[in-house]
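Listed here are the chains, written in short residue letters.
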Amino acid sequence: MRWLLAFVAVLALALPASALAVTVDEVARDVKCPTCSTPLNVSEAPVALDMKEFIAERIAEGDSKQEIIDALVEEFGPSVLAVPPKEGFDLLAWLVPLVAVVVGLMLIPLLVLTWRRRSPSSEPIMGTTSPDELARLEDELRRRSEG
Amino acid sequence: MSDDLETDERPGRGRLVAAVAAGLGVVALLAVMTVGLLNQERGNSIQRAVEANERPQSPDFELPALVGGGSIEEGGSVRLSELRGTPIVLNFWASWCVPCRTEAPVLERLWSRYRDRGLLVLGVNVQDLTGNAKQFDEEFGLSYPSVRDGDDSTMRDFEVTGVPETFVIDRQGRVAALRVGPVTAEEQLVEAIEAVL
């Protein structure tokens, strides 16, 4: 175990600093452009370019991804986040789709049962016809063929 | 004879479920359309009222002062309703906005020209990074104050869809005039300012 830890530590030291640092794209993916509401990494709006520059500066200063995102939330409010936080009213954005899926899954067996009940019976119709009805039917057919 | 034959035509539960689901779908669609129409109405109500020569009450806000000026100190809090009694030119701007660069010197001149007569020029910085906004202010040597609307809430309340946009607010806190787009010459606002002084 000690050997494994030592190996991981040596490996981490051997990596260049840039390989460990977060990239602008990684941060930009998690926030939105305030003017066009598209993910920052694909936005070319003027404010989006400013924000990417801001992210690059913060990365150069050694800030972590979360620290940079927190700074952007401080600047623009929680609405700058690409995905809503899992708390308060925004929790609804996570819960409503889940509830919809669960309700949908619960409806499937109910609908299948209903449709199966409505589908035509596999038993032959004649099987439920009484001998008296058969006699009347034959009589009717005979009369029609004669007439 | 046909009366004697049984048919399996009774309305099933499935049909009822489908009818209820369709009904709910229609109600949801109508709700979405109603909300959309109401928002559309809200989207330009200030502008339409001003165009109809009305003076709608300005929305209120409480925002931090990004840069000080006049009696407003940097870092303090500015509540618009507390400025009642002061005619205001309220300008929404951002440092990345190219027309705002043309406009800033014009607003500075209007502030210098009318501040002795009680006018306050107040910037509202939106959709911007604080550092860039302050840099913009320094670059143009602006002496009028600005507040910062970080989450766009005030921008939405004033139904501003893009920057720059400027509102002239009278002493009673009502919108007397508004200009969508940059103020490129003092004359474009002089008449509206004179009307509220």
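Just so you know, these numbers come straight off a predicted model, no measurement behind them. (Residues numbered from 1 in each chain as written. Chains lettered and ligands numbered in written order. Predicted model: local features only at pLDDT ≥ 70, side-chain atom pairs only at ≥ 80, totals over all residues. Heavy atoms only, no water.)

Some points on unusual backbone geometry
Residue and element names in this part refer to chain B. With an omega of 0°, the peptide bond running from V163 to P164 counts as cis. Summarising the element assignment, P164 is placed in the loop between α5 (153-157) and β6 (165-169). Its identity is not glycine, yet D152 carries a phi of approximately 70°, on the positive side. Here D152 lies in the loop between β5 (146-149) and α5. Residues other than glycine seldom take positive phi values, yet E159 does so here, at roughly 60°. Relative to the elements of secondary structure, E159 occurs in the loop between α5 and β6. (Helix = DSSP H or I, 4+ residues; strand = E, 2+ residues; numbered from the N terminus.)

As for the domain arrangement of chain A
Partitioning chain A into domains gives domain 1 (22-81) and domain 2 (85-112). Computed over C-alpha atoms, the centres of domain 1 of chain A and domain 2 of chain A are 30 Å apart. (Domains from an automatic or database assignment.)

As for helix α5 (residues 65-76) of chain A
Residue and element names in this part refer to chain A. With 12 residues, α5 should reach 16 Å at 1.5 Å per residue; the first-to-last C-alpha distance of 16 Å fits that figure. Every buried residue of α5 is accounted for by I68, I69, A71, L72, E75 and F76. Viewed end-on, α5 has its buried residues packed into an arc of 155°, placing them on one side of the element. Following α5 by one or two positions, G77 has its phi on the positive side, about 85°. (Expected span 1.5 Å × (residues − 1). Buried < 20%, exposed > 50% of the residue type's maximum accessible area, 1.4 Å probe, protein only. Arc of directions from axis to C-beta.)

Focus: the sheet that holds β5 of chain B
Residue and element names in this part refer to chain B. The strand order β2-β1-β5-β4-β3-β6-β7 describes an open sheet built from seven strands, whose pairing is mixed. At either end of the open sheet lies a strand with only one pairing partner, and these are β2 (77-79) and β7 (175-180). Sheet twist, expressed as the mean angle between neighbouring strand axes with direction ignored, is 30°. Looking at chain direction, strand β3 (residues 88-93) and strand β4 (residues 120-126) are connected through six bridges and run parallel. Note that in β4 the partner of V89 across the bridge is V121. Contacting β3, β6 and β7, helix α6 (residues 187-196) crosses the sheet at an angle of about 25° to β6. (Pairing = 2+ DSSP bridges. Axes fitted to C-alpha atoms, helices over the stretch in contact; angles between N-to-C directions. Contact = heavy atoms within 4.5 Å.)

Thoughts on the interface of chain B and chain A
In this complex, chain B contributes 17 residues to the contact, which on the side of chain A involves 19 residues. Each partner contributes to the roughly 1600 Å² buried at the junction of chain B and chain A, and carbon and sulfur atoms together form 58% of this total. In this assembly, chain B and chain A are joined by one salt bridge. Across the pair R148 of chain B and E75 of chain A runs a salt bridge, and its minimum N-O distance is 2.8 Å. Inspection of the region where chain B meets chain A yields four residue pairs in polar contact (both at pLDDT 80 or more). A per-element tally of the side of chain B that touches chain A places helix α1 (residues 13-43) of chain B first, with four residues. (Buried area = accessible area lost by both parts, 1.4 Å probe. Salt bridge = Lys/Arg side-chain N within 4 Å of Asp/Glu carboxyl O. Polar contact = N/O pair within 3.5 Å; in protein donor to acceptor, adjacent residues only side chain to side chain.)

Concerning empty space enclosed by the protein
With a probe scaled to a water molecule rolled over the atoms, the places where space remains empty come into view. The full count for this structure, using the stated rule, is one cavity of 30 Å³ or more. Computed from the structure, the largest cavity encloses a volume of approximately 70 Å³. Residue composition of the lining of the largest cavity, by class: five nonpolar, four polar and three charged. (1 Å grid on protein atoms, 1.4 Å probe; cavity = no way out; pocket = protein on both sides within 12 Å on 5 of 7 lines; lining within 4 Å. Points joined across faces, edges and corners; volume = space filled by probe spheres on them. Nonpolar A, V, L, I, M, F, W, Y, C, P; charged D, E, K, R; others polar.)

Considering a nonpolar patch on the surface
On the surface, V83, L91, W94, L95, L98, V99, V103, L107 and L110 of chain A cluster together to form a nonpolar patch covering roughly 730 Å² of accessible area. Counting through the fold element by element, V103 of chain A comes out in helix α6 (residues 91-118). (Patch = residues over 30% accessible without salt bridge, like charges linked within 9 Å, V, L, I, M, F, W, Y side chains within 5 Å. Areas by Shrake-Rupley, 256 points an atom, 1.4 Å probe, with all protein chains shown as cover.)

Section: the confidence of the model for chain B
All names here are of chain B. Of the residues in chain B, 89% reach a pLDDT of 70 or more, and the chain-wide mean stands at 90. Here residues 1-8 scores under 50 on pLDDT; set against residues more than four positions off or in separate chains, the count is five contacts. For this predicted complex, the interface confidence reaches an ipTM of 0.78, while the overall pTM sits at 0.71. (pLDDT = per-residue confidence, 0-100.)

A few points about the packing of helix α4 (residues 46-60) of chain A against α5 of chain A
All names here are of chain A. Taken N-terminus to C-terminus, the directions of α4 and α5 make an angle of 140°; their axes are 10 Å apart at the nearest point. Between α4 and α5, the angle is such that the two are oblique. With respect to the hand of their crossing, α4 and α5 are arranged in right-handed fashion. Counting all contacts with α4, which are made through M51, F54, I55, R58 and I59, the residues of α5 involved are E67, I68, A71, L72 and F76. Looking at the contact of α4 with α5, its residues break down into eight nonpolar, no polar and two charged. (Parallel < 35°, antiparallel > 145°, perpendicular 65-115°, else oblique. Left-handed = near helix turned anticlockwise from the far one by under 90°.)

Considering the packing of aromatic side chains
All chains considered together, the criterion is met by six aromatic pairs over all chains. An angle of 55° between the planes, with centres 5.5 Å apart, marks the rings of F92 of chain B and F158 of chain B as tilted. With F92 of chain B in strand β3 and F158 of chain B in the loop between α5 and β6, this residue pair connects regions lying 66 residues apart in the sequence. Take F92 of chain B and F158 of chain B: they sit in the same class, and that class is buried. Taking 5.1 Å as the distance between ring centres and 65° as the angle between the ring planes, the aromatic pair formed by F158 of chain B and F167 of chain B counts as edge-to-face. Grouping residues by exposure puts F158 of chain B and F167 of chain B together as buried. What links up through ring pairs into an aromatic cluster is the set F61, F92, F158 and F167 of chain B. Its end group placed over the ring of F76 of chain A, R148 of chain B keeps NZ or CZ at 6.0 Å from the ring centre. (Phe/Tyr/Trp six-rings, centres within 6.5 Å; stacked < 30°, edge-to-face > 60°. Lys NZ or Arg CZ within 6 Å of the ring centre and 35° of its normal.)

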